[in-house]
Structure formats: structure tokens, C-alpha cells
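Examining the three-dimensional arrangement
Listed here are the chains, written in short residue letters.
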Amino acid sequence: MDTAAPPVGSARSVFNTDHEIFRTQVRRFFEREIVPFHRDWERAEIVPREVWLKAGAEGLLCPMMAEEHGGAGADFGYAAIIIEEIARTNASGIGFPLHSDIVVPYIEEFALPHKKREWLPRMARGEIITAIAMTEPGMGSDLKAVKTHARRDGSDWVINGSKTFISNGQNCGLVIVVCKTDPGAGRKGISLICVEEGTPGFTKGRNLEKIGLHAADTSELFFDDVRVPAENLLGEENAGFSYLIRNLPQERLVIAIRSAMSMEVMLQKTIDYAKDRKVFGQTVFDFQHNRFKLAELRAQANMFRVFCDHCLALHMNGGLSIDLAAQAKLLGTEMQNRLLDDCLQMHGGNGYMADYEIGRAWADARVGRIYGGSSEIMKEIIARTL
């Protein structure tokens, strides 16, 4: 069953025929290479690197990357389809969007030309998995408060500090480190510096145990006199904060797109369950309260789908603002959490069992209100425009 029904009974105009052909390819890959194994990866708490190589061979990594660097030179709609298929299958451990849509764009835009030639083709093939190290212990969402610092020593940068909650942290072959290069300048003293796996002094801590997203590797990272060439700096020294702010709308749209598809899919699964499950001599769906609740959820999911597709269309045309992306992320994750909670409740005791997809989706979704900027930060961003 295709549970990704179009909103309010109409076709989604944001995608064209080529997009949908690509969706068929992505869906086949997920059904063949990911869905049968994802529960095993949740128990192992990591996705094998071989999956990344297979995805790279299929052209599912870095679709927006320029063809000269090994990508397809496609628009963001192709990335959105991959995000939606991750959500459709509840394959929450797959870190492709973080790699392709959040980290790699920094390197493609700001790395030196010879570093692009060295790194980007391998990233498109899945040979290098990327991460971005922002959060530090005790820092939360306050990027200005980062303590990890880098000092210039001849032709090198020397980095010291630690990071936590780093997605793709165990698998990463290259990490962009957000660090202070002018500690007294606040946000105007932040730079982005690339560190490769195996660099002396760079170590990966434990794979952090989470209440959801069990297959997604999330790590502590440590930097002890890590020496990297000066050419590993992305863009200009002390300009890192402005780069982060400029790219955050796409990150927040990624989260919103995932929320929209998750709501649609899990709602349809709940409707199917309610029509099949019998209690007190009738199906769960036969109770008027449950039908009304499902009707309400359908209306809400359709409403957000239309808004999310509007934001997606704006972004594909270069017009998504910072505050509108914050609205999409805020509304999507808050609505997703409420909807999944209602759907879990309708499953009764089965909803709390890990064998049922709704329970796993419910636990996975909770972090959406935290990462990419918490709901409170989204409200602050929106409030500044009032």
C-alpha cells in the first residue's frame, strides 16, 4: 500500500515526472536494501558503512552536488524525495540527509578547489561519511558559547575541545568542527574546520544510547591537540557563524519534510489498524470517538502537508526565509509528536510494544522538537519578525 496519499485529494504540484521516476528508484532501493535489515541495525545501534556504498552506487547520496564533483546537479526536490522515503519506511537510522543536505553543502560551497576535488567525489560514492560537530556538553543551542578552539600554528590549525550528540559520529570519515578561532569575539570568532578520521588526537567516544533513533550512531568526539592543515578551513576565518545561519533553513526544512511524511504514513497505518482490531464486539474504528479523532488528525496532516510543500517550493526557487523555515520546523515537529501520541493511544497496549512501528516512530520523533534548534529557539526566531 502506498500510504503517502497526496494532500486533500490532489496531486502534489511541487514534484514533476522526473522527480516521481526518481522516487520509484529510491523506493525500490529502500525496500531491497534497508527495510528488511533496519530492525537489526536498531539492535546493533549503527547502520553498516556498506549501506552507504550501495546508496552511493545508486546515486542516492548528494543529488544536488555538481556533476563535476560526482553528484547529479539536481534540485532539492530530489533530496526531499529521499527524506520522504526515509520517513515512509521509518528508517530512522539512515543518516543520508545529514550527510547530503546539511554537511556536504558547506564543503561544496566553502572548501578550497583542490579539497573539493579530493573529498566530494568520495562523499558522493559513500566512501566518506560526514558529520558536523556543533553541540558541546553544557552548551545546548547557544552556538556563541562553543569552547572548542583552534589556534594557528604556522601552516596548521591546532584544535582542542569536545563535542557531544554528533549524528553520524561513529561512521564519519570527515567532520566539520565548529570552533572558536577568536575566543574573545563571540559569534564573530567562530570558524568551520574539517577534520578527517584518523588524524592524530581526534578520537571518537562512545556511541550514545538514546531513547529513540536506535540505529542512528550518535557520538561524543574529542580533539586533543589535533593538527590539521590550514587549507582545511572552510571559507574565511571567523565567518563560520554566518555560514551556519545561512544554511540552517535547509536543515530545518529537512526536519519538516520528514515530519510531514511521518504523520501521513503513521496515520494511515493507524486507520488500517483501527479497522482491523476488534474490541467489545466491534472494530476500534467503529467507535465514533475514534473516527472523529482520526478525522481530526487527517485534517491536520493535510493542512501541514500543503504548508510544507509550499515551503519546499519556495526553497527550490531560492525563496525560503529563515523565519518561514523555523515555522515549518516548529509546526511540523510539534504536530508530529501530538499526532503520533494519539495514534499510539489508539493502538492500546500494542502501541507500546517495539514490534509495532507506531511505538518506534513515536520514540524516534521526540528529538525533532530538540535537534536542528529546539522549539523554543524556533519561537524566538519567529518572534523577532513580529
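Source: prediction; values computed, not measured.

**Brief notes about the overall build of the protein**
- Broken down by element type, the protein carries 11 helices and 10 strands.
- Counting over 386 residues, the protein shows a buried share of 55%.
- Excluding contacts between residues fewer than 6 apart, the proportion of contacts in the protein whose partners are at least 24 apart in sequence is 75%.
- Working note: accessible area of the protein is about 16900 Å², and carbon and sulfur atoms make up 52% of it.
- Of the charged side chains in the protein, 45 are positive and 51 negative, and the gap between their average positions amounts to 3 Å.

**Details of the pattern of salt bridges**
- Inspection of the entire model under this criterion finds 33 salt bridges.
- In this structure, Glu-136 engages Lys-163 in a salt bridge whose closest nitrogen and oxygen atoms are separated by 2.9 Å. One end of the pair, Glu-136, is in the loop between β1 (130–133) and β2 (149–153); the other, Lys-163, is in strand β3 (residues 156–167), and 27 residues separate them in sequence.
- We classify Glu-136 as buried; its relative accessible area is 5%.
- Residue Lys-163 is classed as buried on the basis of its relative accessible area, which comes to 1%.
- Three or more residues are tied together by salt bridges with common partners; here these are Arg-12, Glu-20, Arg-23, Arg-27, Glu-31, Glu-84, Glu-85, Arg-88, Glu-264, Arg-305 and Asp-309.

**Some remarks on unusual backbone geometry**
- Despite not being glycine, Glu-45 has its phi angle at roughly 65°, a positive value.
- With respect to the element layout, Glu-45 can be found in the loop between α2 (38–44) and α3 (49–57).
- Glu-45 gets classed as partly exposed once you look at its relative accessible area, which sits at 26%.
- Phi at Asp-225 is positive, roughly 50°, even though this residue is not glycine.
- Following the sequence through the fold, Asp-225 ends up in strand β7 (residues 218–229).

**Considerations on the packing of aromatic side chains**
- According to the stated counting rule, one finds eight aromatic pairs in the structure shown.
- For the pair Phe-29 and Phe-30, a centre-to-centre distance of 6.2 Å together with 75° between the ring planes defines the contact as edge-to-face.
- The exposure class assigned to Phe-29 is buried, which follows from its relative accessible area of 1%.
- Across from the ring centre of Trp-157, 5.6 Å away, lies the NZ or CZ of Arg-152, which sits over that ring.
- Over the face of the ring belonging to Phe-285 we find Lys-275, whose NZ or CZ atom lies 5.1 Å from the ring centre.

**Quick look at the pairing of β2**
- In this structure, β2 lies alongside β3, joined through five bridges in antiparallel fashion. When the bridges of β3 are listed, Arg-151 appears paired with Val-158.
- Between β2 and β3, which follow one another and run antiparallel, lie two residues, and Gly-154 among them has a positive phi close to 65°.

**A few points about the confidence of the model for the protein**
- Confidence in the prediction for the protein averages 95 pLDDT; 97% of positions are at 70 or higher.
- Between residues 1–10, whose pLDDT stays under 50, and residues either more than four places distant or in other chains, the model counts 17 contacts.

**Here's the deal with the packing of helix α8 (residues 288–316) against helix α9 (residues 322–346)**
- α9 packs onto α8 with a crossing angle of 155° between their chain directions and a minimal axis gap of 10 Å. One finds that α8 runs roughly antiparallel with respect to α9. Handedness of the α8/α9 crossing: left-handed. Residues Asn-290, Lys-293, Leu-294, Leu-297, Gln-300, Ala-301, Met-303, Phe-304, Phe-307, Cys-311 and Leu-314 of α8 lie in contact with α9, whose contacting residues are Leu-324, Gln-327, Ala-328, Leu-331, Gly-332, Met-335, Leu-339, Asp-342, Cys-343 and Met-346.

Rules of the game
- Residues numbered from 1 in each chain as written.
- Predicted model: local features only at pLDDT ≥ 70, side-chain atom pairs only at ≥ 80, totals over all residues.
- Heavy atoms only, no water.
- Helix = DSSP H or I, 4+ residues; strand = E, 2+ residues; numbered from the N terminus.
- Buried < 20%, exposed > 50% of the residue type's maximum accessible area, 1.4 Å probe, protein only.
- Contact = heavy atoms within 4.5 Å.
- Areas by Shrake-Rupley, 256 points an atom, 1.4 Å probe, with all protein chains shown as cover.
- Lys, Arg positive; Asp, Glu negative; His and termini not counted.
- Charge placed at Lys NZ, Arg CZ, Asp CG, Glu CD.
- Salt bridge = Lys/Arg side-chain N within 4 Å of Asp/Glu carboxyl O.
- Phe/Tyr/Trp six-rings, centres within 6.5 Å; stacked < 30°, edge-to-face > 60°.
- Lys NZ or Arg CZ within 6 Å of the ring centre and 35° of its normal.
- Pairing = 2+ DSSP bridges.
- pLDDT = per-residue confidence, 0-100.
- Axes fitted to C-alpha atoms, helices over the stretch in contact; angles between N-to-C directions.
- Parallel < 35°, antiparallel > 145°, perpendicular 65-115°, else oblique.
- Left-handed = near helix turned anticlockwise from the far one by under 90°.

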